[in-house]
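# Chains, contacts and geometry: an overview
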Amino acid sequence: MSSIAGELYIVATPIGNLQDMTYRAVEVLQQVDLILVEDTRNAIKLLQHYGIRQPMKAFHEHNERQLAEGIVQKIRQGSNIALISDAGTPLMSDPGFRLVRAAQKAGIQPLTVPGACAAIAALSIAGLPTDRFSFEGFLPAKTAAREQRLQGLKDLSSTLVFYEARHRIIPFLRSMQSVLGGARNVVVARELTKKFESVYHGDLQSVVERIAEDEQAQKGEYVVMVEGVNARDQTVDLDSVLRPLLHEMSVSKASKLAATLTGVSKNKCYQRALELDK
Ligand code: SAM
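Residues numbered from 1 in each chain as written. Predicted model: local features only at pLDDT ≥ 70, side-chain atom pairs only at ≥ 80, totals over all residues. Heavy atoms only, no water.

Taken together, 19 residues lie around the ligand, and Thr89, Asp94, Ala118, Tyr163 and Tyr222 are the ones closest in. Contact between the ligand and Met92: a nitrogen atom at 2.9 Å from a main-chain N or O atom of the residue. The backbone of Glu164 places a nitrogen or oxygen atom 3.1 Å from an oxygen atom of the ligand. Taking 570 Å² as the accessible area of the ligand by itself, protein coverage stands at 92%. Applying the majority rule of atoms within 2 Å of the grid points places the ligand in the largest pocket. Looking at the shell around the ligand, the elements that each hand over two or more residues are β7 (159–164) and β10 (222–226). Its residues placed into classes, the shell around the ligand shows 11 nonpolar, 3 polar and 5 charged. Residue assignment places the shell around the ligand across two domains, with domain 1 (8–113) and domain 2 (118–226) each supplying three or more. (Near = heavy atom within 4 Å. Polar contact = N/O pair within 3.5 Å; in protein donor to acceptor, adjacent residues only side chain to side chain. Areas by Shrake-Rupley, 256 points an atom, 1.4 Å probe, with all protein chains shown as cover. 1 Å grid on protein atoms, 1.4 Å probe; cavity = no way out; pocket = protein on both sides within 12 Å on 5 of 7 lines; lining within 4 Å. Sits in = over half its atoms within 2 Å of the grid points. Helix = DSSP H or I, 4+ residues; strand = E, 2+ residues; numbered from the N terminus. Nonpolar A, V, L, I, M, F, W, Y, C, P; charged D, E, K, R; others polar. Domains from an automatic or database assignment.)

Attention shifts here to the pattern of salt bridges. Using the criterion set out here, one finds 6 salt bridges in the structure. Between Asp239 and Arg272 there is a salt bridge, with its nearest N and O atoms 2.7 Å apart. Of this pair, Asp239 sits in helix α10 (residues 238–248) while Arg272 sits in helix α12 (residues 266–277), placing them 33 residues apart in sequence. The class for Arg272 is partly exposed, based on a relative accessible area of 26%. Residue Glu275 pairs with Arg272 through a salt bridge whose shortest N-O separation is 2.6 Å. (Salt bridge = Lys/Arg side-chain N within 4 Å of Asp/Glu carboxyl O. Buried < 20%, exposed > 50% of the residue type's maximum accessible area, 1.4 Å probe, protein only.)

So, about the nonpolar core. Residues Phe162, Leu173, Met176, Val188 and Val224 are the most contacted members of the largest nonpolar core, which totals 23 residues. Looking at this core, the elements with two or more residues in it are α6 (143–153), β7, α7 (169–180), β8 (185–190), α8 (204–213) and β10. Top element by residues in this core is α7. It accounts for 7 residues. Among residues more than four places away in sequence, those in contact with Leu173 are Val188, Leu204, Val208, Ile211 and Val224. (Core = buried A, V, L, I, M, F, W, Y, C linked by side-chain atoms within 4.5 Å. Contact = heavy atoms within 4.5 Å.)

So, about the domain arrangement of the protein. Domain annotation of the protein identifies domain 1 (8–113), domain 2 (118–226) and domain 3 (235–277). Inter-centroid distance (C-alpha atoms) of domain 1 to domain 3 is 54 Å.

And the structure:
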């Protein structure tokens, strides 16, 4: 028996504020035959809010492998199925990768219904370079493993983006401080789109201190973003710092002082000072 295959929709849902659901996401979820959800209790709140009454099935990291083939079979037989996660975009530190792979292998290309994603939302307000960033998701819970991963990231020049849960935010930031150094520029975005949304920015040491001192700041969900090693070189207007210094002192002294003031490497400051001094 041949039949026309259905569709697999990967649907983004809000990261805290129910109003951040897209019209298309509501429309798709109202029309599919089955909605795969990470946690049925969480999903019910969202689905009821939008009057969505389609059948649901629990689909999470513990049963994804086991269910993926069967779901793909259903789609091949004509069912339209949507995948949502507890918050934001499925597959972004959430289940769905095996399902998408299995669907592609069976000749079904999933369709995206885009929307909120905590990492992208956080980057959009962080004031850090976004032309290149590396999404690192959750780091290991154990200190040694976490710090080993950070060692491997510490020389990257792109902005680094991490997810972290409330009970690990302080140990996580302390690991960062010990591996990346306290001077690194960091932005911590907490509870985005929710009542207690807050953004902490500055050097790593001062941000860790502020969050460690404030119990309120240790509640919620976090995106932690760290400026890459050379990113500062690209954003600082080095000439405007060097020019007045060169009026007062030698190239060597001016470049050392500019390096201290801006965080740009001594060598780069020296080369530029030589050019300006000509
Ligand atoms: N799939 C989601 C997405 O698209 O962002 C992420 C799911 S992951 C299991 C959950 C983590 O995302 C949280 O621990 C936190 O790091 C981050 N997160 C989710 N919602 C957030 C929010 N409203 N504010 C800040 N971080 C959030």
